[in-house]
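# Fold and contact review
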Amino acid sequence: MSIATPIYQRLSDLTPSQIEDIRAIPAHGEADSPAIKATRPTAIFLDEEVFRKERESVFHRLPVAVTVSAMLPETGTLLPHEAYGVPLLVSRDREGVAHVFINACMHKGSTLVTGCESQKGARITCPYHAWSWRLDGKLAGVARAETFECLNKAERNLVELPSRETGGIIWAILDRDAEADFSLLNDEIVADLGALDLGSQYLYGRKTFHLESNWKQVIEPFLEGYHVQRLHANSVGPLFADVPTVVKRIGDHIRQISGKVEFAPQGLDNEKNIHKTITHAYLLFPNTVVITSPYYMSVMIVIPTAAGKTQVDYHMLTLNKADNPKSEALYKTSYETVLGVFGNEDFKASEWCFKGLKTGALDDIEVVYSGLERCILMQYETLEKYMG
C-alpha cells in the first residue's frame with residue numbers, strides 16, 4: 001500500500017543551519033529591535049541608467065531564476081518565457097534534463113513556441129517552415145532539405161544558454177557567451193531549498209502580475225517585518241509578531257526565520273508541522289523570493305522590465321497534489337488568500353511608493369530605513385558590490 005507524502009515538515013526535516021537559527025529565535029518578550037542609520041537615494045528606483053547598469057552587471061551576468069521545476073513536471077514539456085528582455089524556451093527532454101534555449105528558429109529567427117503556458121511536445125517545430133528540433137536542441141528535421149545547397153545542419157542546433165536546475169528552480173545565465181559560473185548557488189543555499197523539498201513539490205497555482213514599480217520596491221516588503229502588522233492589519237497581520245527576524249547571509253542570499261504569534265521555543269521539537277509556528281523567507285539573489293507557509297510554499301520571481309515596470313511570476317507549491325475534496329478546499333482557500341495579500345497589499349504598496357517617489361518629494365532627504373528593515377540594506381549592499 002502506498003503512503004501519501006505528509007503535507008507538513010517537522011523540525012528534524014530541516015538542515016542543521018536552519019535548525020540552529022530556529023532555536024536562536026528569542027521569545028517574543030525578549031526580542032531586541034536595534035536602531036540603524038541608513039538611507040538610499042531615490043535615483044536607485046527611478047533612474048533608467050541605474051536600471052541599465054543593473055541589467056548589464058547583474059541580470060545578464062549572473063544566474064537568474066527562469067521558472068520553478070514544477071512548471072515542467074514531466075519529460076517532453078516546453079515552456080516559452082519572455083520577461084528578461086530575451087525570448088526563452090525552456091524544455092525538459094526525454095532524459096528529464098532541463099534546457100534553456102533562445103526561442104528563435106535557426107532558419108530565419110521566427111519565434112518557435114508562443115504563449116506563456118507549459119505544453120507537451122515530442123519535438124520543437126517552427127510554425128513558419130516546419131523545421132524541427134529535439135528537446136535537447138539538436139536539429140531533427142528540415143522540410144525540403146534537398147533545396148538548400150549550403151545548409152550545414154550541425155550549425156543549426158538551437159542556441160542554448162548556460163543553465164542549471166537546482167533547489168526546485170531552473171536558473172540560466174542570459175549572456176550566451178558567458179562562462180557557465182553557477183557558484184552563486186552555493187552548497188548551503190541548495191541544501192536549504194532541498195530541505196524544503198522545493199524540487200519535488202507540485203504546482204497548485206500560478207499568476208503573473210504586471211506592476212508599475214521598480215523591482216527593488218517590489219522585493220522590499222519580503223525583506224522586512226516592519227509592515228506586517230500595519231499594511232496587513234486586516235488580513236494576515238494578526239498571525240505575526242512585531243519583532244525582528246533571525247537573519248543569515250548565505251553567500252549573496254538572505255535567509256530570514258521568524259516565529260509567528262503562537263511561537264514558543266520550548267515546543268519546537270513536538271511541533272508536527274514546523275511551518276505553523278515558523279516562517280522562512282529567502283531572498284535568492286538577485287530577484288527570487290521563497291516564503292514558507294503551513295501547507296504550501298510561495299516562489300516569486302521578480303523580473304525588472306524597465307526602471308518603473310516589474311513582472312512578478314508567482315507560484316504556489318504544495319507537497320501533495322490536491323487529490324481529494326479536503327486538500328482541494330485547503331489549497332483553494334490558501335491560494336485565494338495569498339493572492340489577495342500579495343496582490344492587493346504588498347504589490348500595491350510598491351506601486352504607491354513608486355508613484356510617490358516620482359513626484360520628487362523625497363529627492364532632498366532620501367528614503368530612510370529602520371532597524372526592522374535591515375535586510376533591505378543587506379540586499380542593496382550586495383547589489384552595489386556587483387554594480388561597482
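Reading guide: rules and limits
Residues numbered from 1 in each chain as written. Predicted model: local features only at pLDDT ≥ 70, side-chain atom pairs only at ≥ 80, totals over all residues. Heavy atoms only, no water. Helix = DSSP H or I, 4+ residues; strand = E, 2+ residues; numbered from the N terminus. Rg over C-alpha atoms; globule rule 2.2 N^0.38 Å. Contact = heavy atoms within 4.5 Å. Areas by Shrake-Rupley, 256 points an atom, 1.4 Å probe, with all protein chains shown as cover. Buried < 20%, exposed > 50% of the residue type's maximum accessible area, 1.4 Å probe, protein only. Arc of directions from axis to C-beta. Polar contact = N/O pair within 3.5 Å; in protein donor to acceptor, adjacent residues only side chain to side chain. Pairing = 2+ DSSP bridges. Core = buried A, V, L, I, M, F, W, Y, C linked by side-chain atoms within 4.5 Å. Salt bridge = Lys/Arg side-chain N within 4 Å of Asp/Glu carboxyl O. Axes fitted to C-alpha atoms, helices over the stretch in contact; angles between N-to-C directions. Parallel < 35°, antiparallel > 145°, perpendicular 65-115°, else oblique.

Looking only at helices and strands, one finds eight helices and 19 strands in the chain. Relative to the compact-globule value of 21 Å for 388 residues, the chain shows a C-alpha radius of gyration of 22 Å, a close match. Across its three principal directions, the C-alpha atoms of the chain cover 80 × 65 × 35 Å. A separation threshold of at least 6 residues defines the contact pool for the chain, and within that pool the share at least 24 residues apart is 64%. Total accessible area on the chain stands at roughly 18000 Å², and carbon and sulfur atoms take up 51% of it.

This part covers helix H3 (residues 48–59). Residues lying three or four places apart along an α-helix face the same way, a consequence of the helix completing one turn every 3.6 residues. Turning to H3, its buried residues are Val50, Phe51, Glu54, Ser57, Val58 and Phe59. For H3, the buried positions fall inside an angular range of 150° around the axis, keeping them on one side. Looking at the buried positions of H3, the neighbouring elements they touch are helix H2 (43–46), strand S2 (64–68), helix H5 (215–219), strand S17 (297–306) and helix H8 (374–387). The residue sitting at the N-terminus of H3 and contributing the capping side-chain oxygen is Asp47; that oxygen lies 2.7 Å from the backbone nitrogen of Glu49.

Taken across its five residues, strand S16 (residues 288–292) has five buried, putting it largely inside the fold. The antiparallel hairpin formed by strand S15 (residues 278–284) and S16 contains three residues in its connecting segment. Taking the residues between adjacent antiparallel strands as the criterion, S16 and S17 are bridged by four residues.

This brings us to the sheet that holds strand S7 (residues 124–125). The strand order S7-S8-S9 describes an open sheet built from three strands, whose pairing is antiparallel. Where the open sheet ends on each side, the last strands, each with one partner, are S7 and strand S9 (139–141).

Turning our attention to the environment of Glu49. Among the secondary structure elements, Glu49 is positioned in helix H3. The class for Glu49 is partly exposed, based on a relative accessible area of 43%. C-alpha separation for the pair Glu49 and Phe222, spaced 173 residues apart in sequence, amounts to 25 Å.

Here Phe285 and Pro286 are connected by a cis peptide whose omega angle stands at 10°. As for its position among the elements, Pro286 is in the loop between S15 and S16. Phi at Arg144 is positive, roughly 50°, even though this residue is not glycine. If you trace the backbone, Arg144 turns up in the loop between S9 and strand S10 (163–166). Given a relative accessible area of 56%, Arg144 falls into the exposed group. With a phi close to 60°, Asp197 is a non-glycine residue in the positive phi region. Here Asp197 is to be found in the loop between helix H4 (187–195) and strand S12 (202–211). Asp197 sits in the partly exposed class, given a relative accessible area of 32%.

Formed by 115 residues in total, the largest nonpolar core has its most connected members in Ile124, Trp133, Met300, Tyr314, Phe342 and Phe347. Setting aside chain neighbours within four positions, we find Met300 in contact with Phe222, Asn287, Thr288, Val289, Ile291, Val312, Asp313, Tyr314, Phe342 and Phe347.

Tallied over the entire structure, the rule returns 17 salt bridges. In this structure, the salt-bridge partner of Arg206 is Glu117, at a minimum N-O distance of 3.4 Å. Of this pair, Arg206 sits in strand S12 while Glu117 sits in the loop between strand S5 (98–102) and strand S6 (119–120), placing them 89 residues apart in sequence. Judged by relative accessible area, Arg206 falls into the partly exposed class, the value being 22%. Look at the salt bridges and you will find they share partners, linking Asp21, Asp192 and Arg255 into a network.

To continue, consider the environment of Leu158. With respect to the secondary-structure elements, Leu158 resides in the loop between S9 and S10. As a C-alpha pair, Leu158 and Ile102 span 56 residues in sequence and 7.1 Å in three-dimensional space. Discounting chain neighbours no more than four positions away, the residues touching Leu158 are Phe101, Ala104, Met106, Leu112, Ile124, Trp133 and Gly137.

Taken together, the four strands give an open sheet; going across it, the order is S5-S4-S3-S6, and neighbouring strands pair in antiparallel fashion. In this open sheet, the two strands that pair with only one neighbour each are S5 and S6. Sheet topology places strand S3 (residues 77–82) next to strand S4 (residues 87–92); six bridges connect them, and they run antiparallel. Looking at the pairing, Leu78 lines up with Ser91 of S4.

What follows deals with the packing of H3 against H8. Running from N to C, H3 and H8 cross one another at 80°; their axes reach a closest spacing of 9 Å. In terms of their interaxial angle, H3 and H8 are classed as roughly perpendicular. Residues Val50, Lys53, Glu54, Ser57 and Val58 of H3 form the contact with H8, whose own contacting residues are Leu383, Tyr386 and Met387.

The element S15 is largely enclosed, with a buried count of seven among its seven residues. Pairing of strand S14 (residues 253–259) with S15, which is carried by six bridges, proceeds in the antiparallel orientation. Bridging from a neighbouring strand, Arg255 pairs with Tyr282 of S15. Bridge analysis of S15 against S16 gives four bridges, and the strand direction is antiparallel. Note that in S16 the partner of Leu284 across the bridge is Thr288.

This brings us to the side chain of Asp21. Along the polypeptide, Asp21 turns up in helix H1 (residues 16–23). Residue contacts for Asp21: discarding those within four places in its chain leaves Val246, Lys248, Arg255 and Ile257.

Functional significance is not addressed by these values, which are geometric in nature.
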